[in-house]
Amino acid sequence: MKVAFKKSITFKVLKRIEKLSGEVILRSDVATIAEPRQISRALNRLVQDGRLAKLGYGVYAKLARSEIARTTYLKEGVLPTMREALNRLSIRWEPSSEEQDYQTGRSTQIPVNPTTKLKDRFRRQLRYRDMELTRG
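Residues numbered from 1 in each chain as written. Predicted model: local features only at pLDDT ≥ 70, side-chain atom pairs only at ≥ 80, totals over all residues. Heavy atoms only, no water.

Caption draft 1: Seen up close, the side chain of Glu-99. Locating Glu-99 in the fold gives a position in helix α4 (residues 97-104). Not counting chain neighbours up to four residues away, the residues in contact with Glu-99 comprise Arg-83, Pro-111, Pro-114 and Thr-115. (Helix = DSSP H or I, 4+ residues; strand = E, 2+ residues; numbered from the N terminus. Contact = heavy atoms within 4.5 Å.)

Caption draft 2: A look at the nonpolar core. Grouped together as the largest cluster of nonpolar side chains are 16 residues, with contacts concentrated most on Leu-55, Val-59, Met-82, Leu-86, Leu-126 and Tyr-128. For this core, the elements supplying multiple residues, two or more each, are β1 (24-26), β2 (52-56), β3 (59-62) and α3 (78-88). Counting residues per element, this core draws most heavily on α3, at three residues. Residues Ile-25, Ala-34, Ile-39 and Tyr-60 belong to the second largest nonpolar core, which totals twelve residues. (Core = buried A, V, L, I, M, F, W, Y, C linked by side-chain atoms within 4.5 Å. Buried < 20%, exposed > 50% of the residue type's maximum accessible area, 1.4 Å probe, protein only.)

Caption draft 3: A look at the environment of Arg-51. Tracing the sequence through the fold places Arg-51 in the loop between α2 (36-48) and β2. C-alpha separation for the pair Arg-51 and Ile-17, spaced 34 residues apart in sequence, amounts to 10.0 Å.

Caption draft 4: Just unusual backbone geometry, in detail. Look at Arg-70: it is not a glycine, yet its phi comes out positive at around 55°. For Arg-70, the location among the structural elements is in the loop between β4 (64-66) and β5 (71-73). A residue is classified by how much of its surface remains accessible, and Arg-70, at 62% relative accessible area, is exposed. Residues other than glycine seldom take positive phi values, yet Arg-129 does so here, at roughly 55°. You can see Arg-129 is positioned in the loop between β8 (127-128) and β9 (131-132).

Caption draft 5: Spotlight on α2. Between the first and last C-alpha of α2 there are 18 Å, a value that for 13 residues agrees with the 18 Å anticipated at 1.5 Å per step. Within α2 the residues assigned to the buried category are Ile-39, Ala-42, Leu-43 and Leu-46. Taken end-on, α2 shows its buried residues confined to a sector of 95°, consistent with a single buried face. Those residues of α2 that are exposed and aimed more than 90 degrees away from the buried face are Arg-37 and Gln-48. (Expected span 1.5 Å × (residues − 1). Arc of directions from axis to C-beta.)

Caption draft 6: Geometry of the layout of surface pockets. The space that makes up the largest pocket amounts to roughly 180 Å³. Of all the secondary structure elements, the ones that give two or more residues to the lining of the largest pocket are α3 and β9. The element that contributes the greatest number of residues to the lining of the largest pocket is α3, accounting for three residues. In terms of residue class, the lining of the largest pocket is made up of seven nonpolar, two polar and one charged. (1 Å grid on protein atoms, 1.4 Å probe; cavity = no way out; pocket = protein on both sides within 12 Å on 5 of 7 lines; lining within 4 Å. Points joined across faces, edges and corners; volume = space filled by probe spheres on them. Nonpolar A, V, L, I, M, F, W, Y, C, P; charged D, E, K, R; others polar.)

Right, dumping it as structure tokens:
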């Protein structure tokens with residue numbers, strides 16, 4: 001990303017995001033840098049530049065860049081990133097019974113579209129492109 005000024009808020013937000021471990025960024029991770037409107041503009045710029053993907057309200061994910069395909073993607077994959085977002089939001093969850101059966105060896109059928117059982121109330125939507133977190 002080309003930055004006009006090293007002291008710009010977008011640059012500060014980008015540097016803070018690069019220091020964070022994990023793939024999921026919450027708005028609260030960068031809230032102390034500037035005013036809320038400025039943070040919103042900086043995050044929107046990073047989404048437009050292809051550095052971040054907006055998964056939901058206040059939830060963003062780091063994107064990796066494929067030099068071969070010239071596109072961006074979630075490094076860990078969609079489902080693990082969505083589940084990491086649930087962990088960051090302190091939402092308790094567990095894999096579906098079909099996925100648990102496969103992981104423990106009780107079944108040889110691979111779940112194609114695994115669902116996630118939420119144990120806490122969660123009304124937000126988490127989505128990346130046209131894939132959405134499926135609740136079971």
